[in-house]
Amino acid sequence: SPETPKPRLATLSIALPADVLSNCQTLELKTLLIGQVARAACIYEADEVVLLAECKKESSLGPKAVGERPKAAPEDLFARVLQYMETPQYLRRQLVPMHAHLRAVGLLAPLDAPHHLRQRDRCPFREGAVLDRPGEEACLVNCGLPRPLRLDRPLEKNMRVTVKVREPSFSSS
């Protein structure tokens, strides 16, 4: 039988400059590069990805032309796509709002991270998001199961939570 791995005593971080995206010419290529970073972070069980933002210097070219749109910062794109990929698939529609940066995320393969459980997977804890409150003392949570789970405490709608699941909750009836 395989040995249980020992817990790490330190945080494993991946740090990279957000302007690494400047080599990519299209949103699709940028999204694919971010997807590769996310996959590497998942494979090597990184605890965090640290994005180093470029230091902005004042332009000596004078004011921008009227109507010129400011360019989106690469760290914003990076963070938004990483957040999308880190969110379990069954929670994305609820927790990650539509945005132009996410236009090409359909090109990315799912991460299949340990906390991205499928409906049939049995695990004592599941990621979820609060759907609504049927009363003052309870709320319903989408945990990717056939039916929402009821929690006996009021929580804010769309709050991301980790729920301890009892075995009967897994039944599809």
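For clarity, every value in this text was computed on a predicted model and none was experimentally measured. (Residues numbered from 1 in each chain as written. Predicted model: local features only at pLDDT ≥ 70, side-chain atom pairs only at ≥ 80, totals over all residues. Heavy atoms only, no water.)

(A) Representation of the overall build of the protein chain. Across its full length, the protein chain carries 3 helices and 6 strands. The order of α-helices and β-strands along the protein chain, N terminus first, is β-α-β-α-α-β-β-β-β. Across the 173 residues of the protein chain, 31% fall into the buried class. Counting contacts in the protein chain only where the partners sit at least 6 residues apart, residues at least 24 apart contribute 63% of the total. (Helix = DSSP H or I, 4+ residues; strand = E, 2+ residues; numbered from the N terminus. Buried < 20%, exposed > 50% of the residue type's maximum accessible area, 1.4 Å probe, protein only. Contact = heavy atoms within 4.5 Å.)

(B) Fine view of the environment of Leu52. With respect to the secondary-structure elements, Leu52 resides in strand β2 (residues 48–52). Distance from Leu52 to Val20, taken between C-alpha atoms, is 9.9 Å for residues 32 residues apart in sequence. If sequence neighbours within four positions are ignored, Leu52 has contacts with Leu16, Pro17 and Ala18.

(C) Just the nonpolar core, in detail. Ile34, Phe78, Val81 and Met85 are the most contacted members of the largest nonpolar core, which has 19 residues in total. If you list the elements that add at least two residues to this core, you get α1 (27–43) and α2 (74–86). Broken down by element, this core gets its largest block of residues, 6 residues, from α2. Those residues in contact with Ile34, other than ones at most four positions away along the chain, are Leu21, Leu77, Phe78, Val81 and Leu82. Counting residues in each nonpolar core, the second largest holds 11 residues, with Cys139, Leu149, Leu151 and Val165 among its members. (Core = buried A, V, L, I, M, F, W, Y, C linked by side-chain atoms within 4.5 Å.)

(D) Expanded view of the confidence of the model for the protein chain. For the protein chain, per-residue confidence averages 84 on the pLDDT scale, and residues scoring 70 or more make up 85% of the total. Least confident of the elements in the protein chain is strand β3 (residues 125–135), whose mean pLDDT is 85; most confident is α1, at 95. (pLDDT = per-residue confidence, 0-100.)

(E) Up close: α1. With 17 residues, α1 ought to run about 24 Å at 1.5 Å a step, and its terminal C-alpha atoms sit 24 Å apart, in line with that. When we look at burial in α1, the residues that qualify are Leu27, Thr31, Ile34, Gly35, Val37, Ala38 and Ala41. Considered in projection along α1, the buried side chains sweep an arc of 160 degrees and stay on one side of the axis. The outward face of α1, more than 90 degrees from its buried face, is lined by the exposed residues Gln36 and Ile43. The secondary structure elements touched by the buried residues of α1 are β1 (13–17), β2 and α2. Glu45 lies just past α1 and shows a positive phi near 55 degrees. (Expected span 1.5 Å × (residues − 1). Arc of directions from axis to C-beta.)

(F) Highlighting the packing of aromatic side chains. The tally for this structure, following the rule as stated, stands at 0 aromatic pairs. Of note, Arg92 hangs over the ring of Tyr84, and the distance from its end group to the ring centre comes to 4.4 Å. (Phe/Tyr/Trp six-rings, centres within 6.5 Å; stacked < 30°, edge-to-face > 60°. Lys NZ or Arg CZ within 6 Å of the ring centre and 35° of its normal.)

(G) Spatial organisation of the pattern of salt bridges. Considering all chains together, one arrives at 5 salt bridges under this definition. In this structure, the salt-bridge partner of Asp112 is Arg118, at a minimum N-O distance of 3.3 Å. Where Arg160 meets Glu127, a salt bridge forms, and the shortest distance between an N and an O atom there is 2.9 Å. Taken together, the residues span a long stretch of sequence, with Arg160 in strand β6 (residues 160–164) and Glu127 in strand β3 at a distance of 33 residues. Residue Arg160 is classed as partly exposed on the basis of its relative accessible area of 30%. Relative accessible area serves as the criterion here: at 16%, Glu127 is assigned to the buried category. (Salt bridge = Lys/Arg side-chain N within 4 Å of Asp/Glu carboxyl O.)

(H) The packing of α1 against α2, seen in detail. One way to put it is that α1 packs onto α2 with a least axis distance of 10 Å and a crossing angle of 55 degrees. One element, α1, and the other, α2, form an angle in the oblique class. The crossing of α1 and α2 is right-handed. Contacts between α1 and α2 involve Leu27, Lys30, Thr31, Ile34, Gly35, Val37 and Ala38 from the first element and Leu77, Phe78, Val81, Leu82 and Met85 from the second. Class assignment for the residues of the contact of α1 with α2 results in 9 nonpolar, 2 polar and 1 charged. (Axes fitted to C-alpha atoms, helices over the stretch in contact; angles between N-to-C directions. Parallel < 35°, antiparallel > 145°, perpendicular 65-115°, else oblique. Left-handed = near helix turned anticlockwise from the far one by under 90°. Nonpolar A, V, L, I, M, F, W, Y, C, P; charged D, E, K, R; others polar.)

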